[in-house]
Amino acid sequence: MDHDTKERLLLPSRAAPNGPHQRRVTHAAAGGGGGGGGGGGAGGGGVAIDVNGLKRRGGGRRSWVRVDAATGASEAVEVAKPALMRRLDLPARDLRLLDPLFVYPSAILGRERAVVCNLERVRCIITADEALVLRDPDSAAADEAVRRYVDELQRRLVDRADDLPFEFVALEVALEAACSFLDSQAVELEAEAYPLLDELTAKISTLNLERVRRLKSKLVALTRRVQKVRDEIEQLMDDDGDMAEMYLTEKKKSMEASLLDDEGYQGIGNNAFGTSLSAPVSPVSSPPTARRLEKELSFARSRHDSFKSSDSRQYNIEELEMLLEAYFVVIDYTLSKLTSLKEYIDDTEDFINIQLDNVRNQLIQFELLLTTATFVVAIFGVVSGVFGMNFEVPLFSVPHAFEWTLAITGVCGVVIFCCFLWYFKKRRFFPL
């Protein structure tokens with residue numbers, strides 16, 4: 001079959017290929033269509049598969065901002081999820097917490113070689129040598145939060161006066177960013193809520209009730225987020241083992257010292273430590289010597305499990321505990337403001353319910369009075385019905401009989417109505 005006939009048989013591609021992966025799939029489909037021309041044309045669909053979209057939802061490369069611990073320099077890099085898992089010994093579920101395609105609550109996880117942070121719009125992986133901050137190109141607000149976080153972290157690294165480890169500096173900046181963001185949202189919600197609640201108290205309308213309902217929904221969602229951050233900090237403070245696990249710099253120094261002192265691993269010192277004792281563990285770009293060092297460190301770490309378990313209990317966790325306690329107070333204050341706002345909303349709802357109950361009671365009282373008056377008027381209807389009968393009664397010929405009948409009926413009606421009012425007052429159906 002010639003080239004022109006083959007092109008007529010094949011369906012046109014639905015989208016232009018954007019990359020080598022998509023071009024490969026399109027050509028394969030075209031080849032299948034050519035082979036299926038003689039056998040029924042089942043393989044000639046020519047449909048382009050969005051491999052880039054599939055890889056993005058799977059384990060494709062993500063855009064990160066890498067901040068070096070030694071220099072504070074930042075750079076934009078792209079790292080695949082499997083590379084991070086191998087380099088940092090992180091399970092897939094930890095990296096899934098940082099994926100912007102999934103909605104996960106805030107979390108702070110201390111691992112053997114990294115600290116995984118998912119605090120509102122800041123999603124990062126912190127090691128002893130660097131911090132990897134995940135970018136979300138689809139969200140301008142998240143990208144701006146990442147930029148502010150990187151700028152603040154660089155400023156802290158340049159102006160650092162204490163000997164706080166790098167992982168704690170990065171964690172502190174992330175906690176500060178999350179607490180400040182949540183507190184600003186709480187302040188905005190307060191500024192919107194109090195005037196609206198006062199307006200609802202003054203005038204109960206459907207529009208105001210709908211606005212308060214939306215406000216309460218936002219308050220519940222924000223309270224849940226603040227409560228989650230508070231619970232994460234409190235959980236870390238209550239568990240000394242988790243806090244000791246986050247001393248990445250100390251663990252790295254201890255591991256290097258143990259390898260130097262161990263006579264069984266002198267080859268490691270001769271091959272790798274001659275170049276650099278603090279080789280970077282960046283998953284972005286590592287020289288062959290650093291890669292060998294990482295493999296040998298992993299092998300030595302598996303042989304020194306007992307050493308790690310005993311050494312992690314010797315860390316002085318007061319430094320990290322004081323840091324967490326400071327931000328626990330901040331987030332707890334934000335939660336208390338939201339709790340006060342919720343109580344104010346509940347009080348407003350109770351006040352509105354009391355007002356509505358009062359109006360309902362007034363309507364019931366009016367209906368009761370109206371029913372009583374209707375009963376009294378019905379007496380006149382009975383009398384008029386009797387006098388309207390078509391038969392002769394001697395009373396009809398008595399002078400002024402009609403006037404006396406009306407007067408007596410009216411007096412009886414008034415007496416009956418007063419008796420009802422006295423009964424209602426006695427039974428306290430309503431104050432009169």
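Structure's up top.
Here the structure is a predicted model, which means the values were calculated and not measured.

Can you walk me through the overall build of the protein in this structure?
In terms of helices and strands, the protein carries 15 helices and six strands. Going through the 432 residues of the protein one by one, you find that 37% of them count as buried. Within the protein, contacts between residues separated by at least 24 positions form 66% of all contacts whose residues are at least 6 apart in sequence. Here the protein has roughly 25100 Å² of accessible surface; of this, 57% comes from carbon and sulfur atoms.

Please explain a negative patch on the surface as it appears in this structure.
A surface patch of like charges, here negative, comprises Asp162, Asp163, Glu250 and Glu319. Relative to the elements of secondary structure, Glu319 occurs in helix 14 (residues 318-387).

Explain the nonpolar core to me, please; I cannot follow it from the model alone.
The tendency in soluble globular proteins is for nonpolar side chains to be buried side by side. Formed by 63 residues in total, the largest nonpolar core has its most connected members in Ile108, Ile126, Tyr149, Leu153, Leu175, Ile233 and Leu324. Residue contributions to this core peak at 18 residues, all from helix 7 (residues 166-202). Counting residues in hydrophobic clusters, the runner-up holds 17 residues, among them Val79, Leu88, Leu95 and Leu132.

Help me understand the environment of Phe396 in this model?
Within the secondary structure layout, Phe396 lies in the loop between helix 14 and helix 15 (401-426). Here Phe396 falls in the partly exposed class, since its relative accessible area comes to 37%.

How should the side chain of Glu120 be read in this particular structure?
The topology assignment puts Glu120 in the loop between strand 4 (115-119) and strand 5 (122-126). A relative accessible area of 13% means that Glu120 is categorised as buried. At 2.8 Å, the side chain of Glu120 forms a polar contact with the side chain of Arg225. The residues touching Glu120, leaving out its near neighbours within four places in the chain, are Ser106, Ala178, Phe181, Leu182, Arg225 and Val229.

Before we go on, may I ask you to explain the pairing of strand 2 (residues 74-80) in this structure?
Side-chain positions along a regular strand alternate between the two faces of the sheet. In terms of strand pairing, strand 1 (residues 61-68) meets strand 2 through seven bridges, oriented antiparallel. Bridge pairing in strand 2 links Ser63 to Glu78. Turn length for the strand 1-strand 2 hairpin, with the two strands adjacent in sequence and antiparallel, is five residues, and the turn residue Gly72 shows positive phi of about 80°.

What am I meant to see in the packing of helix 7 against helix 14 here?
Think of two packed helices as two axes; the pair is described by the angle between the axes and how far apart they sit. Here helix 7 crosses helix 14 at 15°, and the two axes come no closer than 10 Å. Here helix 7 lies roughly parallel to helix 14, going by the angle between them. In terms of crossing hand, the pair formed by helix 7 and helix 14 is left-handed. Within the contact of helix 7 with helix 14, the residues separate by chemical class into 24 nonpolar, four polar and seven charged.

Help me understand the sheet that holds strand 1, please; the structure alone is not making it clear to me.
What links the strands of a sheet is backbone hydrogen bonding, and the strands pair in either a parallel or an antiparallel sense. Read across the sheet, six strands follow the order 2-1-6-5-4-3 without closing on themselves; strand pairing throughout is antiparallel. Two strands bound the open sheet, and with one partner strand each, they are strand 2 and strand 3 (107-110). Neighbouring strand axes in the sheet, compared pairwise and without regard to direction, differ in orientation by 20° on average. Of the pairings in the sheet, the one linking strand 4 to strand 5 comprises five bridges and is antiparallel in character. The residue of strand 5 that forms the bridge with Cys117 is Cys124.

Rules used throughout
Every chain's residues receive numbers from 1 upward, in the order its sequence appears when written. It should be noted that, the model being predicted, local features are given only for residues of pLDDT at least 70 and side-chain atom pairs only at 80 or more, the latter also being counted only at that level, while totals for whole chains, interfaces and linings use all residues. Side-chain measures here rest on the full set of heavy atoms in the structure, leaving out hydrogens and waters. In this text, helices come from DSSP runs of H or I with a minimum length of four residues, and strands from runs of E with a minimum of two, each type numbered from the N-terminal end. Each residue gets one of three labels from its accessible area relative to the maximum for its type: buried under 20%, exposed over 50%, partly exposed in between, using a 1.4 Å probe on protein chains only. Residues are treated as being in contact if the distance between any of their heavy atoms lies within 4.5 Å. For the accessible areas, the method is Shrake-Rupley and the probe is 1.4 Å, while residue cover comes only from the protein chains on display. Patches in this entry comprise residues that are over 30% relatively accessible and not in a salt bridge; like charges within 9 Å are linked, as are nonpolar side chains (Val, Leu, Ile, Met, Phe, Trp, Tyr) within 5 Å. What makes a salt bridge here is a side-chain nitrogen of Lys or Arg within 4 Å of a carboxyl oxygen of Asp or Glu, nothing more. Counting rule applied: Lys, Arg positive; Asp, Glu negative; His and chain ends not counted. Here the site of a charge means NZ on Lys, CZ on Arg, CG on Asp, or CD on Glu. We define the nonpolar core as a collection of buried residues of types Ala, Val, Leu, Ile, Met, Phe, Trp, Tyr and Cys that are connected through side-chain atoms lying within 4.5 Å of one another. N or O atoms within 3.5 Å of each other form a polar contact, as long as, within protein, one can give a hydrogen and the other can take it, and as long as residues adjacent in sequence are counted only when both atoms are side-chain atoms. Only strands joined by at least two bridges in the DSSP assignment are considered to pair. Inter-axis angles, ranging from 0 to 180 degrees, are taken between N-to-C directions of lines fitted to C-alpha atoms, where helices are fitted over the stretch in contact. Here the angle decides the label: under 35 degrees means roughly parallel, over 145 means roughly antiparallel, 65 to 115 means roughly perpendicular, and every other value means oblique. It is the rotation of the near helix from the far one that decides the hand of a crossing: anticlockwise by less than a right angle makes it left-handed, clockwise makes it right-handed. Asp, Glu, Lys and Arg are counted as charged, while Ala, Val, Leu, Ile, Met, Phe, Trp, Tyr, Cys and Pro are counted as nonpolar; the rest, among them Gly, fall into the polar class.

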